[in-house]
Amino acid sequence: DVKVTQSSRYLVKRTGEKVFLECVQDMDHENMFWYRQDPGLGLRLIYFSYDVKMKEKGDIPEGYSVSREKKERFSLILESASTNQTSMYLCASSTPEGGRGRAFFGQGTRLTVV
Amino acid sequence: AQTVTQSQPEMSVQEAETVTLSCTYDTSESDYYLFWYKQPPSRQMILVIRQEAYKQQNATENRFSVNFQKAAKSFSLKISDSQLGDAAMYFCAYGKRYGGATNKLIFGTGTLLAVQP
């Protein structure tokens, strides 16, 4: 069965800390995505990657960076965590053609910044 | 830029009845996918149904069907014979068909569906 795994389900960090959210997929997908989910705002795209070391900004990239050194792993980095980054973070992967665009999601990480 | 709009923040339906969730989108592309995803309280996103823009026929998956109006850029989801397990947040999403730097997957703000027994 296909799998997207996020490193933590719940995370509590302090303001100013550098935070790493890790995501691993086992489907050899080209595309990987990081979304932020907030009530009433839906899923907002932070960054996505369409190949190793290739990345594109989404709609809300400010305060975040990403790393994709290997095809299966896509990391989201909060350089200096702030309370307004408290949210649910969802990772997803997809392949444009073979999977007919379908995205597979991780279980989500609920991050609280105190 | 592509956008996806869901104008119904919340909907309610009686068990065994039919409900329709609305979605509109904006794009200048001609070849793309549209999706409905379901997110139950467990938070795991589940694909409900997918539509390829080049197909005129509306997609159907058991009790779930779509009304795809390409010219109007409308993509509604119909749930027939609603069940208690259908209660969830539903997201409409858009994705381009081909890969590369512009292959974003864009979501709407979601519709929270309640199913009344």
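Details of the structure are given in the entry above.
Presented here is a report on the structure given in the accompanying data block. (Residues numbered from 1 in each chain as written. Chains lettered and ligands numbered in written order. Predicted model: local features only at pLDDT ≥ 70, side-chain atom pairs only at ≥ 80, totals over all residues. Heavy atoms only, no water.)

## A word on the overall build of chain A
A tally of regular secondary structure across chain A gives zero helices and eleven strands. For chain A, the α and β elements follow one another from N to C terminus as β-β-β-β-β-β-β-β-β-β-β. Computed over C-alpha atoms, the radius of gyration of chain A comes to 13 Å, within 12% of the 13 Å expected from 2.2 N^0.38 for 114 residues, which places it in the range of a compact globule. Its C-alpha atoms give chain A principal-axis dimensions of roughly 40 × 25 × 25 Å. Counting contacts in chain A only where the partners sit at least 6 residues apart, residues at least 24 apart contribute 55% of the total. Summed over its atoms, the accessible surface of chain A is roughly 5400 Å², and 48% of this surface lies on carbon and sulfur atoms. Looking at chain A, you have 17 positive and 15 negative side-chain charges, and the mean spots of the two groups are 5 Å apart. (Helix = DSSP H or I, 4+ residues; strand = E, 2+ residues; numbered from the N terminus. Rg over C-alpha atoms; globule rule 2.2 N^0.38 Å. Contact = heavy atoms within 4.5 Å. Areas by Shrake-Rupley, 256 points an atom, 1.4 Å probe, with all protein chains shown as cover. Lys, Arg positive; Asp, Glu negative; His and termini not counted. Charge placed at Lys NZ, Arg CZ, Asp CG, Glu CD.)

## Focus on the interface of chain A and chain B
Contacts between the two partners involve 30 residues from chain A and, on the opposite side, 25 residues from chain B. Note on chain A versus chain B: buried area summed over both sides is about 2300 Å², and carbon and sulfur give 49% of it. In this assembly, chain A and chain B are joined by zero salt bridges. Taken together, chain A and chain B are joined by eight residue pairs in polar contact (both at pLDDT 80 or more). Those elements that provide at least two residues to the side of chain A that touches chain B are strand S4 (31-38), strand S5 (42-51), strand S6 (54-57), strand S9 (87-94), strand S10 (103-105) and strand S11 (109-113) of chain A. Looking at the side of chain A that touches chain B, the element that brings in the most residues is S5(A), giving five residues. (Buried area = accessible area lost by both parts, 1.4 Å probe. Salt bridge = Lys/Arg side-chain N within 4 Å of Asp/Glu carboxyl O. Polar contact = N/O pair within 3.5 Å; in protein donor to acceptor, adjacent residues only side chain to side chain.)

## Considering the state of the cysteines
As used here, a disulfide is simply a covalent bond connecting the sulfur atoms of two cysteines. All names here are of chain B. Across all of its chains, the model carries two disulfides over all chains by this definition. Covalent S-S linkage joins Cys 23 and Cys 92, the inter-sulfur distance amounting to 2.0 Å. Residues Cys 23 and Cys 92 are joined by a disulfide whose S-S torsion is about -70°; by sign, that bridge is left-handed. In this pair, Cys 23 sits in the loop between strand S3 (19-21) and strand S4 (24-26) while Cys 92 sits in strand S10 (residues 88-96), placing the two residues 69 residues apart along the sequence. According to the relative accessible area criterion, Cys 92 is buried, its value standing at 0%. (Disulfide = S-S within 2.5 Å. Buried < 20%, exposed > 50% of the residue type's maximum accessible area, 1.4 Å probe, protein only.)

## Concerning the side chain of A:Thr109
When you line up the elements, A:Thr109 lands in strand S11. Among the polar contacts listed, one links the side chain of A:Thr109 to the backbone oxygen of A:Ser8, at a separation of 2.4 Å. When neighbours within four sequence positions are excluded, A:Thr109 is seen to be in contact with A:Gln6, A:Ser8, A:Arg9, A:Leu11, A:Leu21, A:Ser87, A:Met88, A:Tyr89 and B:Arg43.

## Description of unusual backbone geometry
Residue and element names in this part refer to chain B. Non-glycine residue Asn 62 carries a positive phi angle of around 55°. By the element assignment, Asn 62 lies in the loop between strand S7 (60-61) and strand S8 (64-69). Non-glycine residue Lys 73 carries a positive phi angle of around 55°. With respect to the element layout, Lys 73 can be found in the loop between S8 and strand S9 (74-79). Under the relative-accessibility criterion, Lys 73 is labelled partly exposed at 26%.

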